[in-house]
Amino acid sequence: MIEARGLSKSFHDKKRGEIRAVDGVSFRCAPGRIYGLLGANGAGKTTTLRILATILEPSDGTAVICGYDVVEQPEKVRANVGFLSTATALYPRLTAQELVEYFGRLNGLDEATLKKRVEEIFGRLDMNGFRDRRCDKLSTGMKQKTSIARTLVHDPAVMIFDEPTLGLDIMTARTITTFIRECRDRGKTVIFSTHIMSEVEKLCDVIGIIHDGKLLTEGTLAELREKYGEQDLEEIFVKIVTPLQAGAEA
Amino acid sequence: MARNAVGIVYRKEFTEWVRDRRTLISTVLVPLFFFPIIMVGFTALAVVMVGKAKEETPKIMILGGEDSPQVVEGLQKVKSLEIAPYRSNWKEQISDKEIRAAVEIPPGFQDGLEKGEVKTVKIYYYEGEMKSSFGVDRIEKFLKDYRDQVVKDRLAAKNVPTSVLTPFEIHQENVAPPEKVSGATVGGFIGYMVVLLCMTGAMYPAIELTAGEKERGTMETILSSPISRMNLVLGKFLLVLSAALATAALSVMSMGISFSALRRFNMSSGRGDAAALLLKLGPKAVASIFMMALPMAVLFSAVLMTIALFAKSHKEAQSYLTPMTFLVVIPAVASLLPGVELTPKLALIPILNTSLVCKEIMTGTYHWNSIALIFGSTCVYASVALFLAFKTFQRESVLFRS
């Protein structure tokens, strides 16, 4: 379970002064559901997810993940979270297996459990052919599989995906979306950010539209269609965001 | 969450470190081969060059002396000198190394000698040119011998014994043991090299483990794991420290081997006096230098990591750390200056204090109060630097600088 309560994050920029990247964002995401955070570049998606993964600390508000507070118990939160983004790269001089084992050990798995988990994941993701190959020698698809294995090794209850398919080819992106669905089917709580409408339509149970750091609306796809009188998600998005953009420019 | 998180991070960093070819160069190859190449190579080269220069018979020119045939004839008879015929462009010839020196006999020199007048003989040479200085030495020796002979002849003419010139003798004798002499001569160089190589060893891993992680995008990966930032910093820091110490240990070891090889080379080539000038790095000295290098390596590791963390890339980190090299080299070089000796005030200046104490250790001098003060003060500086490294790793503005 993820519960964000009035999350805010401000940064100081030398040229622009105080920037409020996330502004009072609240939402809930239940186990076995995928929450899609939809927004344009710079809307505050990555900052929100980094706060949930405790990589950043909120300036205000908090979030509770699996019963742990992101501000008070960040290490316990991280032990229950698998975080994957295009920015989470791999260590080039470790082999795929060494990398997965490293993160398993950091998550406190004992050697016997770790060995069992590694065998299970490598089998499931069809990684045995390159388990001893160094990460800098892997193809993009192999790297993505290794990243997935890294997030799964400690079997977290919550999965956070920050634009995980950004810049990937169709087949590799498909591996990721299949994996996200599998996570939901296994009862994990999944939060997923993107600006690709089709991915949201295909994957998400609940959609939250974020713009300028604020969560403007949320609901299932059916609820949003009914509320805004549009069938196409892109049209819904434009309908919500355009008046605000026009106001900001005025 | 892992119990031994620091150890897990350290082992992983170590694995990556030993697989990096650049590490092999900066930590192993440079300290291992730098000293033998510099010391044995350069000394052997110097011996060969000086030997060749000494073998050469310097070609010199006599200016004037037409009315002083005796001194001109004397010069011509010196076997270790070759007299070139007079040319008006003798200055150019010296500059162009066609002749090594020129000696100017003033007009009426011989006549003046007989009348007791004091005349000046001038020697022209090329300053800083080794072969020219050998030519000057030989001319000077001839002229001094000639002058002594004139004095003796004058004393004999007046029936005065030559002993009046030397009412007593002066004799200098060194009583310091050879290792102290050699320590005072080249000991400072050891401290300087240990300081410099300690920093070189720490620099590359410090960049790789901070700015390198940011550049590759692995910083976010590791920060999303349950390890605490303090354990993460500690694991990384220990690896950087290991690299610095490995470099220092290898450099001290390599120095020991180089000195020993050079000593044998000099002994076998009959240059025993040069061998006496060489250091004997005993186990006590090696252990002491290593102990003094330890807190300094901690200081370097923590400072380099902290600075490199501000950078977004390897290249940027290098541009930040290059000025650091000057900051380290200046106090290390200061320790080499003549007359700079360890005082309680200097014992508090980081780097300079370690260089100076290494110099003392090399002479076999162990001032335990100074050693304790230096060790203690460097430990304090190192702790402050480590604390700063921890604090910097907590700063989002540094970790996610865009």
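The rules we used
- Residues numbered from 1 in each chain as written.
- Chains lettered and ligands numbered in written order.
- Predicted model: local features only at pLDDT ≥ 70, side-chain atom pairs only at ≥ 80, totals over all residues.
- Helix = DSSP H or I, 4+ residues; strand = E, 2+ residues; numbered from the N terminus.
- Buried ≥ 20, exposed ≤ 12 C-beta atoms within 10 Å, placed from the backbone.
- Pairing = 2+ DSSP bridges.
- Axes fitted to C-alpha atoms, helices over the stretch in contact; angles between N-to-C directions.
- Parallel < 35°, antiparallel > 145°, perpendicular 65-115°, else oblique.
- Left-handed = near helix turned anticlockwise from the far one by under 90°.
- Contact = placed C-beta atoms within 7 Å.
- Nonpolar A, V, L, I, M, F, W, Y, C, P; charged D, E, K, R; others polar.

All names here are of chain A. Positive phi values are uncommon outside glycine, yet Asp126 reaches one of about 55°. Checked against the element boundaries, Asp126 lands in the loop between α4 (111-124) and α5 (140-152). The class of Asp126 is exposed, set by 10 C-beta atoms lying within 10 Å. Of note, the phi angle at Asp155 is positive, near 50°, even though the residue is not glycine.

Residue and element names in this part refer to chain A. What the four strands build is an open sheet, ordered β2-β1-β4-β5; its pairing is antiparallel. Of all the strands in the sheet, the pair left with one neighbour each is β2 (17-29) and β5 (68-69). Taken together, the two bridges between strand β4 (residues 60-65) and β5 define a ladder with antiparallel strand orientation. Bridge pairing in β5 links Val64 to Asp69.

Residue and element names in this part refer to chain A. One can describe the packing of helix α3 (residues 96-106) onto α4 by two numbers: an axis separation of 10 Å at closest approach and a directional angle of 135°. When the interaxial angle is binned, α3 and α4 end up oblique. Crossing of α3 over α4 shows right-handed handedness. Touching Gln97, Val100, Glu101, Gly104 and Arg105 of α3 are Leu114, Arg117, Val118 and Ile121, all from α4. Counted by class, the contact of α3 with α4 contains four nonpolar, two polar and three charged residues.

Next up on the list: the interface of chain A and chain B. The interface of chain A with chain B comprises 24 residues on the first partner and 21 residues on the second. Of all the secondary-structure elements, those providing two or more residues to the side of chain A that touches chain B are α2 (74-79), β6 (81-85) and α3 of chain A. Broken down by element, the residue count for the side of chain A that touches chain B peaks at five residues, all from α3 of chain A.

Turning our attention to the environment of Tyr124 of chain B. Residue and element names in this part refer to chain B. Note that Tyr124 resides in strand β4 (residues 122-125). Residue class for Tyr124 comes out partly exposed when judged on the 17 C-beta atoms lying within 10 Å of it. Sequence separation of Tyr124 and Lys91 is 33 residues, and the distance between their C-alpha atoms is 8.2 Å. Setting aside residues up to four positions removed in sequence, Tyr124 forms contacts with Ile94, Ala101, Ala102 and Glu104.

All names here are of chain B. By secondary structure assignment, the location of Ser258 is in helix α10 (residues 229-268). Its 23 C-beta neighbours within 10 Å are what place Ser258 among the buried residues. C-alpha separation for the pair Ser258 and Phe34, spaced 224 residues apart in sequence, amounts to 9.8 Å.

This part takes up the sheet that holds strand β2 (residues 82-84) of chain B. Residues and elements named next belong to chain B. Pairing is mixed across the open sheet formed by four strands, whose spatial order is β2-β1-β3-β4. A strand with exactly one partner marks an edge of an open sheet, and here the two such strands are β2 and β4. Geometrically, the sheet is characterised by an average inter-axis angle of 30° between neighbouring strands, direction not taken into account. Strands β1 (59-64), β2 and β3 (101-105) of the sheet are contacted by helix α3 (residues 69-77), whose axis makes an angle of about 160° with β3. Packed onto the sheet, helix α6 (residues 130-157) meets β1, β3 and β4 and runs at close to 165° relative to β4.

Keep in mind these numbers describe shape, not what the thing actually does.
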